[in-house]
Amino acid sequence: MMTRRIMHIDLDAFFVSVEQVDNPALKGKPVVVGGNPERRGVVAAASYEARAFGLHAGMPLVTASRLCPQAIFIEGSFSKYRRASHHFMAILADFSPYLEPMGLDEAFLDVTGFESLHGSIHAMALKIKQRVKDELRLSASIGIAGGKVVAKVASELSKPDGLIEVAPGEERAFLAPLEVAKLPGVGRKTEQLLKRRGIKTIGALASTPVATLKAELGIYGEALHRHANGIDERRVLPPTEAKSISRETTFAEDTRDLSRLKATLRYLSERVGSQLREQEKEARCIVLKLRYADFTTISRSHTLSQGASTDQAIFEGGVALLEKALSKETRAVRLIGIGVAGLTEPARQLDMLKPANLRSEQLNKTIDRIRKKYGFRAIQTGQTLRLRDIFPEGDEGYTLPTPSLSR
Ligand code: TTP
Ligand code: MG
């Protein structure tokens, strides 16, 4: 049997790099995508120059601007990143049909047996990096190994603009000296738990008896043990469709103003709805997310008796959950989000033939068509118009203060 060869490709400082291609004056500077630090929200992406100051994704923008006052903060444009991402994936698909995108800027590629086409897998990786550079002006980092986990660790370690190939059979030795946190799946909590047990490196994790890990971490301990030993048989799988769609945003100021909350909810519902209909799906479950001023985050859901795909249905479900959540609540709201889950293929139910439902569905279709042609702002409902005072408008809709979170 041929030795499996898996490649992990990840673009460097993706959002920021796209901005630097558009505006070369930003090159070589500490740049942050995520929005204006006065408007709150978190860092979505930081340039390597900004990372030198300790900035990283997920850090509140205020902290970032305190650590690095000279940083340039940009709002970012998700549609631009999505375009770059499509192009990136198209390049990868040219190299192997066994492609599994993991997000906008990273993917696994099964390249087993492809050396004959390119001389070596290493040469193939160099060609991929070159095409990404030529066509997108972006740099990619690549890891190559016998399985996904090691390939991903290798690409991460090679950053920026790197390439690391782990020879077959060398996986365990490659991982051994690295800190446990470098192993995908080891989050902050697991890291602390392991450190308390004196397990600091992946090598130490690999030689911990699997029974010990199972006792501490359950079934997940078993997978962790395998991965620490460089064993990962998971296949590279083509993308499956999204199981949920959501949008959320952080307010510039915490608010208890119900009409402002509803207006925002309406806007987010319309974004969710249009994506839902683009995928030709219906949802069975509406999920509302609220984060209060003290950062407590709650999530409330409502199951529908049958699938729905209209903005109105999503909004109404969300409003009901919102009113219920706030009825006994004194804290102000920092963040609001709405999502749909339980996605199914639309079933032509009898209820859909009720004139009111049919009308609402046709109205949504028309709105989607017009928006596709003229942009999201071309049509607004009375409720979202109110948002003009809250968020600045961009080409493709209101620019939400946390583009990273509004995917
Ligand atoms: P990453 O690949 O994790 O980060 P990166 O490409 O900016 O930097 P690196 O060189 O380390 O790969 O994520 C890709 C993009 O996804 C990133 O540019 C912005 C976005 N993102 C968020 O919006 N929020 C987040 O919390 C993270 C981690 C990423
Ligand atoms: Mg990246």
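In this text, all values refer to a predicted model and were calculated from it rather than measured experimentally. (Residues numbered from 1 in each chain as written. Chains lettered and ligands numbered in written order. Predicted model: local features only at pLDDT ≥ 70, side-chain atom pairs only at ≥ 80, totals over all residues. Heavy atoms only, no water.)

**Q** Even after reading the chapter, I still don't get the overall build of the chain, so can you show me in this structure?
**A** Secondary structure summary: the chain contains 16 helices and 14 strands in total. Counting all 407 residues of the chain, 49% fall into the buried class. For the chain, the accessible surface area stands at approximately 19900 Å², while carbon and sulfur atoms represent 54% of it. (Helix = DSSP H or I, 4+ residues; strand = E, 2+ residues; numbered from the N terminus. Buried < 20%, exposed > 50% of the residue type's maximum accessible area, 1.4 Å probe, protein only. Areas by Shrake-Rupley, 256 points an atom, 1.4 Å probe, with all protein chains shown as cover.)

**Q** Quick question: what am I supposed to make of the environment of Arg 4 here?
**A** Tracing the sequence through the fold places Arg 4 in the segment before β1 (6-11). When the C-alpha positions of Arg 4 and Gly 147 are compared, they lie 7.3 Å apart, and in sequence the two are 143 residues distant. Dropping the residues within four chain positions of it, Arg 4 is found in contact with Thr 112, Ala 145, Gly 146, Gly 147, Asp 232, Glu 233, Arg 234 and Arg 235. In this structure the side chain of Arg 4 is engaged in a polar contact, spanning 3.0 Å, whose partner is the backbone oxygen of Asp 232. (Contact = heavy atoms within 4.5 Å. Polar contact = N/O pair within 3.5 Å; in protein donor to acceptor, adjacent residues only side chain to side chain.)

**Q** Honestly, the coordination of the magnesium ion (ligand 2) in this entry has me stumped. Any pointers?
**A** For the magnesium ion (ligand 2), the protein coordination sphere consists of Asp 10 (OD), Leu 11 (O) and Asp 105 (OD), at 2.1 to 2.2 Å. Considering all six donor atoms around the magnesium ion (ligand 2), the spread of angles at the metal, 77 to 179°, places the coordination shape in the octahedral class. One chain supplies every donor to the magnesium ion (ligand 2), and in sequence these donors are spaced D-L-x93-D. Of this pair, Asp 10 sits in strand β1 while Asp 105 sits in the loop between β5 (99-101) and β6 (106-110), and the two are 95 residues apart along the sequence. For the pair Asp 10 and Asp 105, a shared accessibility class is recorded, and that class is buried. (Donors = N, O, S within 2.8 Å, 3.2 Å for Na, K, Ca; no water. Tetrahedral: all angles 85-135°; square planar, octahedral: opposite > 155°, others 65-115°.)

**Q** It is not clear to me how the side chain of Glu 106 should be interpreted in this structure. Could you clarify?
**A** Note on placement: Glu 106 falls in strand β6. Separated by 2.7 Å, the side chains of Glu 106 and His 8 make a polar contact. Side chain to side chain, Glu 106 and Lys 152 meet in a polar contact 3.0 Å long. In this view, Glu 106 contacts His 8, Ile 9, Asp 10, Phe 88, Met 89, Pro 101 and Lys 152; residues no more than four positions away in its chain are not counted.

**Q** Please explain helix α12 (residues 219-228) as it appears in this structure.
**A** Given 3.6 residues per turn, any residue in an α-helix points the same way as the ones three and four places further on. Taken together, the buried positions of α12 are occupied by Gly 221, Leu 224, His 225, His 227 and Ala 228. Seen along its axis, α12 keeps its buried residues to an arc of 165°; they face one direction. Residues of α12 that are buried sit in contact with α7 (148-158), α8 (171-175), α9 (188-196), α10 (202-206) and α11 (210-217). Looking one or two places after α12, you find Gly 230, whose phi comes out positive at around 80°. (Arc of directions from axis to C-beta.)

**Q** Is there a simple way to explain the side chain of Thr 255 in this structure?
**A** Its location among the elements puts Thr 255 in strand β9 (residues 244-255). Only 3.0 Å separates the side chain of Thr 255 from the backbone nitrogen of Asp 257, close enough to count as a polar contact. With sequence-adjacent residues up to four places away left out, Thr 255 is seen in contact with Arg 260, Leu 261, Ala 332 and Val 333.

**Q** Quick question: what am I supposed to make of the pattern of salt bridges here?
**A** Between side chains of opposite charge, a pair can form when the charged atoms approach closely. Inspection of every chain in the model, using the stated rule, returns 24 salt bridges. Across the pair Asp 22 and Lys 80 runs a salt bridge whose closest N-O atoms are separated by 3.0 Å. Highlighted residues: Asp 22 in helix α1 (residues 14-22) and Lys 80 in helix α4 (residues 78-95), separated in sequence by 58 residues. One salt bridge connects Lys 129 with Asp 161, and the closest N-O pair in it is separated by 3.0 Å. A residue pair is termed long-range when its members are at least 10 positions apart, and Lys 129 in helix α6 (residues 121-136) and Asp 161 in the loop between α7 and β8 (163-165) qualify at 32 residues. Residues joined in a network through salt bridges with shared partners are Arg 5, Glu 165 and Glu 171. (Salt bridge = Lys/Arg side-chain N within 4 Å of Asp/Glu carboxyl O.)

**Q** Please explain the layout of surface pockets as it appears in this structure.
**A** A probe matching the size of a water molecule, rolled over the atoms, marks out where space remains unfilled. The volume enclosed by the second largest pocket comes to roughly 680 Å³. Lining of the second largest pocket is provided by 25 residues; of these, Ala 44, Ala 45, Arg 51, Ala 57 and Asp 105 occupy positions nearest its centre. Counting only elements with at least two residues in the lining of the second largest pocket, the list comes to β1, α1, β3 (45-46) and α2 (48-51). For the lining of the second largest pocket, a count of residues per class yields 13 nonpolar, four polar and eight charged. (1 Å grid on protein atoms, 1.4 Å probe; cavity = no way out; pocket = protein on both sides within 12 Å on 5 of 7 lines; lining within 4 Å. Points joined across faces, edges and corners; volume = space filled by probe spheres on them. Nonpolar A, V, L, I, M, F, W, Y, C, P; charged D, E, K, R; others polar.)

**Q** I would appreciate a short explanation of the packing of aromatic side chains in the present structure.
**A** Given two aromatic rings, one states the distance between the centres and the angle between the planes to describe the pair. As enumerated under the stated definition, the model contains four aromatic pairs in all. Their ring planes at 80° and their centres at 6.4 Å tell us that Phe 15 and Phe 78 sit as a pair that is edge-to-face. One end of the pair, Phe 15, is in helix α1; the other, Phe 78, is in helix α4, with 63 residues separating them in the sequence. Each member of the pair, Phe 15 together with Phe 78, is buried. (Phe/Tyr/Trp six-rings, centres within 6.5 Å; stacked < 30°, edge-to-face > 60°.)

**Q** Whenever I open this one, the nonpolar core confuses me. Can you help?
**A** One broad trend across soluble globular proteins is that nonpolar side chains are buried collectively. If you look at the biggest cluster of nonpolar residues, it comprises 38 residues, and the most contacted ones within it are Met 7, Phe 14, Phe 15, Leu 92, Leu 109 and Val 132. Elements that contribute at least two residues to this core include exactly β1, α1, β2 (31-33), α4, β6, α6 and β7 (140-145). Counting residues in hydrophobic clusters, the runner-up holds 28 residues, among them Ile 286, Leu 290, Ala 308 and Val 319. (Core = buried A, V, L, I, M, F, W, Y, C linked by side-chain atoms within 4.5 Å.)

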